[in-house]
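Fold and geometry: a report
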Amino acid sequence: MKEILAEAVDLKKWFPVKRGFFSTIFSKKQMFVRAVDGISFKIAKREVFGLAGESGSGKTTTGRLMLKLIEPTAGDVYFEGKKITTLPEKDLKEMRRTMQIIFQDPYESLNPRMTISDIVEEPLSVLGIGSREEKEEKVSKTLEDVELMPAEEFLFRFPHELSGGQRQRVAVARALILDPKFIVADEPVSMLDVSIRAEVLKLMLDLVKNFNISLLYITHDLALARHMCDRLAIMYLGKIMEMAPTEKIVYEPLHPYTNALISVVPIPDPSSERTEVVIKGEIPSPINPPSGCRFHTRCPEYLGDICRTKEPAIIELKKEHYVACHKYTKK
Ligand code: SF4
């Protein structure tokens, strides 16, 4: 594998459930939402690594853990070989410059009272980087990097004066202005019109390539993930079910859950005879996830007791292709 930039090792995040007065009287047992429940993966330099799955699978929490925006319950995150989960805040501050996030909603993530110039410049001002002229120059250049050109036409406008696609480009510029090495993009185009999604995604891919950035791309849309990502991890109820280079996930899915997700992704091949696999029911609550394999309550290939009682370990079944399913280990 290529040089590693970021790594999650057995990462867990359990959120305590707030309970009412009466339920605390009747039961002393603290309950937790097991948003992320023991996952490990590595992201190489200049790699686009995707986390995909239904909502409630733990993707967004994983993204925040990777940037140490929230503390893990257990496990570690490494960035450029340093364990950031135990790094003192003063050392982390410097590292944070190189790690950025792009949120899902460009309507919510930009302050409506600030001009585009102020929004993009803010990270430089907060960290005290550059003189006034240097900051102005950097803001203009970064706006042009995200194809908001000529920059002068955008500098003194407000977010409500821009289209959704232009606003998301501003959010990308804001993430880019500190010359990051690592960006977490959390469903960055899901709030945009379908017609402009492709443009924004292409821009992000170009930036990753041109500026040597690693991208953690979080999505529920496997059709988009397929075009964006070098490798993909499929999450379900806080666990990774399958992880492999994107082509292998798309054309040789091993896990029944991945197989079902992939079966509904349109492929541009009229001769393809893929049949749609229906997953029954809703994703269960992460407060009390199913025993054994978490997917067993919905699995079209359920194998009986072993699936209900024993959690399958994630194994490297083929080169760089990891899967957690008893189908491959049952003797
Ligand atoms: Fe389905 Fe069993 Fe595999 Fe889980 S372990 S995905 S329930 S076959």
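The residue numbering used here restarts from 1 in each chain and proceeds along that chain's sequence as written. In view of the model being predicted, local features appear only for residues whose pLDDT reaches at least 70, and side-chain atom pairs are presented and counted only at 80 or more, with totals across whole chains, interfaces and linings using the full set of residues. Side-chain figures throughout are based on the complete set of non-hydrogen atoms in the structure, without hydrogens or water.

1. Description of the overall build of the protein chain
When you go through the protein chain residue by residue, the secondary structure sums to 13 helices and 12 strands. Expected size for 331 residues packed as a compact globule is a radius of gyration near 20 Å; at 21 Å, the protein chain falls within 12% of this value. For every residue, the accessible area (1.4 Å probe, protein chains only) is compared with the maximum for its type, and the residue is labelled buried under 20%, exposed over 50%, or partly exposed between those bounds. Each of the 331 residues in the protein chain was classed as buried or not, and the buried ones make up 47%. In this analysis, two residues are considered to be in contact whenever any of their non-hydrogen atoms come within 4.5 Å of each other. Sequence separation of at least 24 residues holds for 65% of the intrachain contacts in the protein chain that already meet a minimum separation of 6. Surface accessibility follows the Shrake-Rupley procedure with a 1.4 Å probe radius. Residue values consider only the protein chains on display as shielding. In the structure as shown, the protein chain presents an accessible area of about 16700 Å², 53% of it carried by carbon and sulfur atoms. Charge convention: Lys and Arg are scored as positive, Asp and Glu as negative, and His as well as the terminal groups of each chain are ignored. Each charge is placed at NZ for Lys, CZ for Arg, CG for Asp and CD for Glu. Computed over 48 positive and 47 negative side-chain charges, the inter-centroid distance for the protein chain is 8 Å. For the purposes of this entry, the term helix denotes a DSSP run of H or I that reaches at least four residues, the term strand denotes a run of E that reaches at least two, and both are numbered from the N terminus. What the globule rule says is 2.2 Å times the number of residues to the power 0.38, and the radius of gyration is computed from C-alpha atoms.

2. Section: the side chain of Ser117
Tracing the chain through its elements places Ser117 in helix H5 (residues 116-126). The contacts of Ser117, once residues within four sequence positions are left out, are Val139 and Leu155.

3. Concerning the sheet that holds strand E12 (residues 321-323)
For two strands to be treated as a pair, DSSP must find no fewer than two bridges joining them. Taken together, the 8 strands give an open sheet; going across it, the order is E6-E7-E8-E3-E9-E10-E12-E11, and neighbouring strands pair in mixed fashion. Edge strands, defined here as strands with exactly one partner in the open sheet, are strand E6 (99-102) and strand E11 (315-318). Here the strands of the sheet are splayed against their neighbours by 20° on average, with no regard to which way each runs. The pairing of strand E10 (residues 239-245) with E12 spans 2 bridges and is antiparallel. Bridge pairing links Glu242 to Val323 in E12. In this description, a line fitted to the C-alpha atoms serves as the axis of each element, helices being fitted only across the stretch in contact, and the angle between N-to-C directions of two axes falls anywhere from 0 to 180 degrees. In this fold helix H8 (residues 164-176) packs onto E6 and strand E7 (182-186), with an angle of close to 170° to the strand it touches most, E6.

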